[in-house]
Structures are given as C-alpha cells and as structure tokens.
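# Notes for the structure review
These are the residues of each chain, in order.
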Amino acid sequence: MIADEAQHTRGEGVRVLQRKLYRAAKEAPQRQFGVLYDKVYRRDVLEEAWQRVRRNRGSAGVDKQTIEAVEGYGVDRLLDELAAELREKRYHPQPVRRVYIPKPGKPGQQRGLGIPVVRDRVVQAAVKLVIEPVLEADFRSCSYGFRPKRSAHDAIEEIRTWVTWGFRQVIDADLKACFDSLPHDGVIAAVRRRVTDPGILRLIQRWLKAGILEEGAIRSAVAGTPQGGVISPLLANAYLHALDVAWGERAGAKLIRYCDDYVILCRGNPQPWFQRMEKIVHDLGLSLNEEKTRVVDAKDGFDFLGMHFRLRPMRSNPRRLFCYRWPATKAMQSVRQKVRDAVGYDDRYSLDDKIRVLNPILRGWGQYFRIGNAHRHFKKVDSYVYTKLTNFLRRKHKRRGKGHREFPPSFFKKAGLYRLHGTIVRVFRTPPGERGRKAG
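A brief report on the enclosed structure follows. (Residues numbered from 1 in each chain as written. Predicted model: local features only at pLDDT ≥ 70, side-chain atom pairs only at ≥ 80, totals over all residues. Heavy atoms only, no water.)

Next up on the list: the packing of aromatic side chains. Considering all chains together, one arrives at 13 aromatic pairs under this definition. Residues Tyr37 and Tyr41 carry aromatic rings whose centres are separated by 5.8 Å and whose planes lie at 75 degrees to one another, so their mutual orientation is edge-to-face. Exposure class is identical for Tyr37 and Tyr41. Each is buried. Between Phe322 and Tyr324, the ring centres sit 4.9 Å apart and the planes meet at 65 degrees, which makes this aromatic pair edge-to-face. The two residues Phe322 and Tyr324 agree in class, both being buried. Members of the aromatic cluster, each reached through a chain of ring pairs, are Trp365, Tyr368, Phe369 and Phe378. Between Arg150 and the ring centre of Tyr144, over which it is positioned, the NZ or CZ distance is 4.6 Å. Taking the ring centre of Trp162 as reference, the NZ or CZ of Lys254 above it sits at 4.6 Å. (Phe/Tyr/Trp six-rings, centres within 6.5 Å; stacked < 30°, edge-to-face > 60°. Buried < 20%, exposed > 50% of the residue type's maximum accessible area, 1.4 Å probe, protein only. Lys NZ or Arg CZ within 6 Å of the ring centre and 35° of its normal.)

In structure tokens:
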C-alpha cells in the first residue's frame, strides 16, 4: 500500500510537470523551449518512464537483457546509473535489434521492428514524457495516432460521421515504408521548431544514428526511425505534422491521420485533392505505395484501422444513407489465427488451460471492435471458438460425432469462456432518421 501511494505521488509530479509544459506551449505558439534536458533525469520522471516500459514488456535488445533481468539487477540501481550518465552527458545508446514479424492477413510477408535495449527504452520514455506536452500543443485535431486522450476509436467515429454527412469519395492512402524513410534532418528540424535544448536534440540524433543489428552485422541508419522504439511514434507525428499543416482546414475534403496511416474524405471530384496530397507527400521526402493507394466510393467500402466502412441505406429509414463499420476481413482472419494457435491440435492441456489463454485474446479483440456494427461478426467468432473447443474435447476424450450434444455452448459458458455476443456498445449510436443523407 505504501509503495502504491509513493508511486502515485511520483506519477502526479510528472503529470503536473506535463500540464505546465503543455499550458506554456499552448499559450505561446512561437515559444521555443531551450531548458528541458535537466528534467529528463529527474528521479520521478525516470521512475515513471520505467513503469511505462515495464507495462509494455517487450523483447530483449542486442544485450539480451529482459525486463525480468533488469528487475533482478535492481531497478533503483539501473535508474541511478542512467541518471548519472545523463547528468554527466556520458549516455550513449546501443544499436537496435531488428526482428521481423508476419503481417496480419498477408501470408509470406513480414514487417521489420526495431527493438532497443531496456536501458535505451527507459531514457526514450523519459524524453517522451518531457517533450511530448510541448509538441502536443501544436498537433492538429485531424491527427489521432499515439497521442494522449486520443484513440483509434475517435478516428473511426470521425470517419463514420463525415462519410454519413456526404464525404463519400475516399482517398485511401498508404505511405511507403514511412518509418524507414523519415529523413533524420527533417525529424530533428521538426522537433527543433519547439524544443531547442541541445541535450534533447543530441539524444534524439544519437537514437536515429544508433545503427541496426541484423543478421549479426551492424549497419548505420541513414534515414528512418526504428518502428518499435518508444519515442518513434512521437517523432513520426512531429514530422508528419507538416502534412496536417500543409493540408489545413479544407471545406471539401477532410484529412484523418493515425500516425503514418491516413484517409482523405472528399465531396465531389477527388482528383484535385489527390494531386494536392501527392505534392505534399513528395515535398516531405516520402512516397506513396501505388499498389495500395486508391480512390474509392464509400458505397463500395474501404478498410482503415482494422475496420471496414461502407455507406448503406439505414435499416430504420432506407431512404437515408449511413456509414456502417465492422471488423475488416484481415481482422477476422487475424483473430481466427490467434484462436487456432491458442487451441492448438494437442490434447495435453485441460479445457481450463485453453480458456485461460483464449479469454484475453477474445476480450482484447472485442474491446476494440465492439463500437461498430459487429453483431454478426461477433457471432461468427463465437461460433468458431465453440467449434475449435468442441473438436479439442472430442480429440481429448476420443468421442465420436460432432460433440454438440455432449458439449453445448452452455457447457463452455459455465467453464468461464468469454463470449463476444452481447458485448457491443452503442456509445456513438445515431438516432434513427438523423444525420443520414438521402439514398441514391
């Protein structure tokens, strides 16, 4: 209890610091902050940074030191060492370990992730705690990704609203290898516009130039920020803020960006907006993925942030159109794959063990998609889970038949299996007949 109170007190001190920095930056849009480095190695900031790194867990970096190993080494000891290195300006980051993970719904394709060592993650988290409020004061309302008090759900609701209101021509854009293409000088310049402290800029520069360990060899990074680093999403947002500013407030087209993913919703002819967007992206030194970037009518549907959006006649009033959204095909494939992996094809474990692994998967997936029109999709996933568990029990107990009579759905409900059916919320529900546009 005492430790929890102490942790809460330290966290409150960091939040007070962040509020002060945000208000100062908001009240003076032209102000540049030149003295922030000494706040990075404040004890409460480093402790809050450690707690955030610890919650996210993650794999070991090039030094093969895990979170558990750091706890065995001594957290206080580690933070004391980092504070001393930062104070005396002796801190130098280690190279980033590059790993590849499968792309959801794309068999055979992989996405590269950069994993810094735990020590570097803590320092990155500390710097993020200090500079994020300053940069956040300038970020536009069209940006939703990896920002405080903003989420993918907010972006999804914004899209639903504008498409329902008639912005039905959609520029579904995809930046080609955005995190790997960000120019280092441009990233530093984007941060320097508000943060001029040489200590902070030196740390960011070192992280960008730290190098990447891949297949036993270290190569220097000439561009990009490691996708997987704690501070990388903030740096990407800082650089792509120029896209938001250049686009501005347009009456005929709405930009909705989630870090490096974005869509532009248009009224009327989308081609002038597409050409304008191409020029802005080119001026930023980035490029579009021509295979994935397209213009689509919302009536034909499009995917964004795991959701499929489609403009359809309202169920309650077919003369009006409404933007419905539900889990995209890739999202359905992804959760089925996770269920398959969790249940497996062995009979060594008990049903309780299987349910213990399945429930967090289903609960987490359902929490994200429950704001949409996913009633039928939730029932499909529940049915898939039921079939997999029934087959598991048939194999385990060597039973014939399909097992539906011996193992009905109520059997798994009593065993504690989480069900998606019945968990959809209607927080953003539009009253029948309102906000729709006439069909046709």
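Among the nonpolar cores identified, the biggest contains 77 residues, and Ile131, Tyr262 and Met277 are the most heavily contacted of them. Here this core gets 11 residues from one element, more than from any other, and that element is helix H6 (residues 118–136). Ignoring any residue separated from it by four or fewer positions in sequence, one finds Tyr262 in contact with Ile171, Ala173, Leu175, Leu243, Leu255, Ile256, Arg257, Met277, Val281, Leu288 and Phe304. Core analysis: the next-biggest nonpolar cluster, separate from the first, contains 49 residues, Val296, Phe378, Tyr386 and Tyr418 among them. (Core = buried A, V, L, I, M, F, W, Y, C linked by side-chain atoms within 4.5 Å. Helix = DSSP H or I, 4+ residues; strand = E, 2+ residues; numbered from the N terminus. Contact = heavy atoms within 4.5 Å.)

Looking now at empty space enclosed by the protein. Evaluation of the coordinates by the stated rule reveals two cavities of 30 Å³ or more. Here the largest cavity defines a volume of roughly 70 Å³. Lining the largest cavity are 14 residues; nearest its centre among them are Val96, Gln124, Trp207, Leu208 and Pro226. Mapped by element, the contributors of at least two residues to the lining of the largest cavity are H6, helix H10 (198–208) and helix H11 (232–247). By residue class, the composition of the lining of the largest cavity is nine nonpolar, four polar and one charged. Of the volumes computed, that of the second largest cavity is approximately 30 Å³. For the second largest cavity, the full set of lining residues is Tyr37, Glu85, Leu86, Lys89, Arg90, Tyr91, Gly199, Arg202, Leu203 and Arg206. For the lining of the second largest cavity, the element with the most residues is H10, which contributes four residues. Of the residues that constitute the lining of the second largest cavity, the class distribution is four nonpolar, one polar and five charged. (1 Å grid on protein atoms, 1.4 Å probe; cavity = no way out; pocket = protein on both sides within 12 Å on 5 of 7 lines; lining within 4 Å. Points joined across faces, edges and corners; volume = space filled by probe spheres on them. Nonpolar A, V, L, I, M, F, W, Y, C, P; charged D, E, K, R; others polar.)

Next up on the list: the pattern of salt bridges. Going through the model one piece at a time under the given rule, you end up with 26 salt bridges. Residues Glu12 and Arg15 are paired through a salt bridge, measuring 3.2 Å at the closest nitrogen-oxygen approach. Taken as a pair, Glu12 and Arg15 lie in helix H1 (residues 2–27) at a separation of three residues, close to a single helical turn. Residue class for Glu12 comes out partly exposed when judged on its relative accessible area of 30%. On the basis of relative accessible area, Arg15 is assigned to the partly exposed category, the value being 34%. One salt bridge connects Arg193 with Asp138, and the closest N-O pair in it is separated by 2.8 Å. One end of the pair, Arg193, is in the loop between helix H9 (184–192) and H10; the other, Asp138, is in the loop between H6 and helix H7 (152–164), with 55 residues separating them in the sequence. (Salt bridge = Lys/Arg side-chain N within 4 Å of Asp/Glu carboxyl O.)

On to the sheet that holds strand S7 (residues 261–266), then. Ordered by their spatial adjacency, four strands build an open sheet running S6-S7-S3-S8, and the pairing between neighbours is antiparallel. Edge positions in the open sheet fall to strand S6 (253–258) and strand S8 (294–297), since each of these has one partner strand only. Strand after strand, the sheet turns through a mean of 20 degrees between neighbouring axes, direction not considered. (Pairing = 2+ DSSP bridges. Axes fitted to C-alpha atoms, helices over the stretch in contact; angles between N-to-C directions.)

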